[in-house]
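Understanding the architecture of this molecule
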Amino acid sequence: MNQTEVLERIKEELQIPFFNGNIEEKEYTEEEYQKIKSDLIQYFDDYVRNVEN
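Here the structure is a predicted model, which means the values were calculated and not measured.

Another aspect to go through is the overall build of the chain. Tallying secondary structure elements over the chain gives two helices and zero strands in all. Projected onto its principal axes, the C-alpha positions of the chain cover 40 × 20 × 15 Å. Burial statistics for the chain: of 53 residues in total, 21% are counted as buried. Partitioning the contacts of the chain with sequence separation of at least 6, the portion at a separation of at least 24 is 47%. When the accessible surface of the chain is totalled, it reaches about 4400 Å², and 48% of it is carbon and sulfur. In the chain, the 6 positive side-chain charges and the 14 negative ones have mean positions that sit 3 Å from each other.

Shown next, in the form of structure tokens:
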């Protein structure tokens, strides 16, 4: 999948309709996509959720 497909899939799966991340323009494998998704979830848990508490 390409950069646009990755961003659209993240928006849909993580329910972040206005997400506009910067990722390299290349072809991504499913494994690479899952890593990006996992990293975003970890970032949210580490930084965003900590601000709320």
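Still more ground to cover, so stick around.
A word on the layout of surface pockets. Computed from the structure, the largest pocket encloses a volume of approximately 170 Å³. The wall of the largest pocket is formed by Leu14, Ile16, Phe19, Leu40, Ile41, Tyr43, Phe44 and Val48. Looking at the lining of the largest pocket residue by residue, the class counts come to eight nonpolar, no polar and no charged.

Here the focus is the pattern of salt bridges. Under the definition given, this model contains six salt bridges. Across the pair Glu8 and Lys11 runs a salt bridge whose closest N-O atoms are separated by 3.5 Å. Highlighted residues: Glu8 and Lys11, both in helix H1 (residues 3-13), separated by three residues, approximately one helical turn. Here Lys11 falls in the partly exposed class, since its relative accessible area comes to 23%. Residue Glu32 is joined to Lys26 by a salt bridge in which the shortest nitrogen-to-oxygen separation is 3.0 Å. Overall, Glu32 belongs to the partly exposed group, its relative accessible area being 27%. Assessed through its relative accessible area of 31%, Lys26 is described here as partly exposed. One network of salt bridges, in which partners are shared, links Arg9, Glu13, Glu30 and Lys37.

What counts, and at which threshold
Within each chain, residue numbers correspond to sequence positions counted from 1 in written order. Where totals are concerned, whole chains, interfaces and linings use all residues; where local detail is concerned, this predicted model gives features only for residues with pLDDT of at least 70, and gives and counts side-chain atom pairs only at 80 or more. Side-chain descriptors were evaluated using all non-hydrogen atoms of the structure, hydrogens and water having been removed beforehand. Strands are runs of DSSP state E lasting at least 2 residues, helices are runs of H or I lasting at least 4, and numbering of each runs from the N terminus. Type-normalised accessible area, obtained with a 1.4 Å probe on protein chains alone, sets the label of each residue: buried when under 20%, exposed when over 50%, and partly exposed for intermediate values. Should any heavy atoms of two residues lie within 4.5 Å, those residues are counted as being in contact. Values of accessible area rely on a 1.4 Å probe in the Shrake-Rupley scheme; residue burial ignores everything except the protein chains shown. For the purpose of counting charges, residues Lys and Arg are taken to be positive, whereas Asp and Glu are taken to be negative. His and the chain ends are not included. By convention, charge coordinates are those of NZ in Lys, CZ in Arg, CG in Asp, or CD in Glu. Buriedness of a pocket was judged along seven lines, with at least five required to meet protein on both sides within 12 Å; pockets are open sets of points on a 1 Å grid over the protein atoms alone, cavities are sets where a 1.4 Å probe fits but cannot get out, and lining residues have an atom within 4 Å of a point. Grid points are joined across faces, edges and corners, and a volume is the space filled by probe spheres set on the points. Gly is placed with the polar residues, together with every amino acid not listed as nonpolar (Ala, Val, Leu, Ile, Met, Phe, Trp, Tyr, Cys and Pro) or charged (Asp, Glu, Lys and Arg). A pairing counts as a salt bridge when a side-chain nitrogen of Lys or Arg comes within 4 Å of a carboxyl oxygen of Asp or Glu.

Function-wise, these values are silent; they only describe arrangement.
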